[in-house]
Amino acid sequence: MATTDWHAVPLATLALAHALSAAERGLAVIPLSRTKLPALRSPHRDEPDPAPCHGECGRPGHGVYDATTDPGRIRDLFAAAPRATGYGIACGLPPHHLIGVDLDTKSGTDASSALRELALRHLFTIPDTVVVATPSGGRHVWLSGPPDVVVPNSAGRLAPGIDIRGAGGYLVGPGSRTAHGVYSAVPGTAHLPVAPCPPALLRLLTPPPRVHHPSPAHAGRHGQGLVQFVLAAHEGQRNTRLFWAACRAYESDLGDSLTNALVEAATRTGLTEREARSTIASAARLSQRNDAGA
């Protein structure tokens with residue numbers, strides 16, 4: 001029987017094969033580029049003032065919102081992204097409601113030790129589950145969340161070097177090739193079921209409900225539109241979108257009244273509260289300088 005020389009197979013074809021395999025397990029996928037970003041550009045990139053869109057327009061290019069388990073749709077996405085070298089797995093979607101615990105090794109952090117310390121302190125253990133090794137030496141631990149709990153994205157909130165991929169986020173799938181190397185399942189874990197997230201860890205990943213501060217009536221659709229604009233941000237554009245929205249809010253005398261809503265929207269996209277408030281404060285200072293110079 002002839003064997004396949006995988007080194008001769010185009011990277012996009014390999015990525016598609018891995019993506020289809022993941023979809024068979026109920027994992028929704030999208031094509032990724034060598035930079036780990038979605039391989040399809042936004043169809044709204046040339047629009048001067050695009051309205052927030054999560055794929056309602058029917059065209060591909062909306063990042064994680066394109067994620068699907070449908071084989072035909074996956075093939076269409078990869079056909080539109082011939083330079084894809086990997087695939088992303090959307091978190092938070094049924095049936096697994098995937099939660100990714102990203103254990104980083106950058107900046108001298110030992111995220112694995114930090115997770116073990118958290119486990120000892122809060123009396124939980126990480127169950128046997130799928131673990132993916134990253135090119136930098138890190139690990140992605142896959143866990144399954146309950147369907148009625150929304151786990152937000154976060155960076156370093158749990159502990160230094162530990163990032164969480166939740167609703168609206170994605171993980172680089174095993175078999176993906178990036179500019180820095182290949183993502184691969186840790187031996188012995190590839191075919192394990194995605195284990196449920198320990199309840200004690202889940203409590204750490206879901207911050208207590210925020211006090212709702214409704215926008216004043218005069219904020220109207222403009223204020224709601226700015227919040228939605230922030231919510232639609234993908235990785236790499238979250239600070240930029242938040243800063244732009246905050247500037248527009250202060251220009252409309254809505255800055256103070258919309259701050260809490262903008263912060264909440266930003267944290268849902270993956271920024272920390274501290275990052276969000278710092279960005280909004282920068283917008284406020286710029287607005288004050290502009291007013292003083294007027």
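Thresholds applied
Residues numbered from 1 in each chain as written. Predicted model: local features only at pLDDT ≥ 70, side-chain atom pairs only at ≥ 80, totals over all residues. Heavy atoms only, no water. Phe/Tyr/Trp six-rings, centres within 6.5 Å; stacked < 30°, edge-to-face > 60°. Helix = DSSP H or I, 4+ residues; strand = E, 2+ residues; numbered from the N terminus. Lys NZ or Arg CZ within 6 Å of the ring centre and 35° of its normal. Pairing = 2+ DSSP bridges. Axes fitted to C-alpha atoms, helices over the stretch in contact; angles between N-to-C directions. Core = buried A, V, L, I, M, F, W, Y, C linked by side-chain atoms within 4.5 Å. Buried < 20%, exposed > 50% of the residue type's maximum accessible area, 1.4 Å probe, protein only. Contact = heavy atoms within 4.5 Å. pLDDT = per-residue confidence, 0-100.

K.L.:
I would appreciate a short explanation of the packing of aromatic side chains in the present structure.
P.N.:
Geometry of an aromatic ring pair is reported as the spacing of the ring centres plus the angle between the planes. In total, this model carries one aromatic pair according to the counting rule given. For the ring pair F229 and W244, a centre distance of 4.8 Å and an interplane angle of 50° mean the geometry is tilted. Highlighted residues: F229 in helix α5 (residues 220-231) and W244 in helix α6 (residues 238-251), separated in sequence by 15 residues. Over the aromatic face of F229 sits the side chain of R241, whose NZ or CZ is 4.2 Å from the ring centroid.

K.L.:
Mind showing me how you'd approach the sheet that holds strand β2 (residues 86-90) here?
P.N.:
Two pairing modes exist for strands in a sheet, parallel and antiparallel, and in both the strands are linked by backbone hydrogen bonds. Ordered in space as β1-β2-β8, the three strands form an open sheet in which the pairing is antiparallel. At either end of the open sheet lies a strand with only one pairing partner, and these are β1 (29-32) and β8 (170-172). Shown here is a sheet whose adjacent strand axes are inclined to one another by a mean of 35°, direction ignored. Bridging between β2 and β8 involves three bridges; their strand directions are antiparallel.

K.L.:
In this structure, what is going on with the nonpolar core? I would like to understand it.
P.N.:
One broad rule of soluble globular proteins: the nonpolar side chains tend to lie buried together. Within the largest apolar cluster, 32 residues are counted, with the highest numbers of intra-cluster contacts made by V29, I74, F78, Y87, I89, L98 and W142. For this core, the secondary structure elements donating two or more residues are α1 (11-24), β1, α2 (71-79), β2 and β8. Residues in contact with I74, not counting those within four places in the same chain, are L16, A19, L20, A23, V29, T68 and T69. Grouped together as the second largest cluster of nonpolar side chains are 23 residues, V230, L258, A261 and A276 included.

K.L.:
Would you explain the confidence of the model for the protein chain in this entry?
P.N.:
Atomic detail in the predicted coordinates should be set aside for any region of low pLDDT. Residue-level pLDDT values for the protein chain average 86, and 88% of them are 70 or greater. Ignoring residues within four places in sequence, the model shows residues 210-219, a span with pLDDT below 50, making eight contacts including any to other chains.

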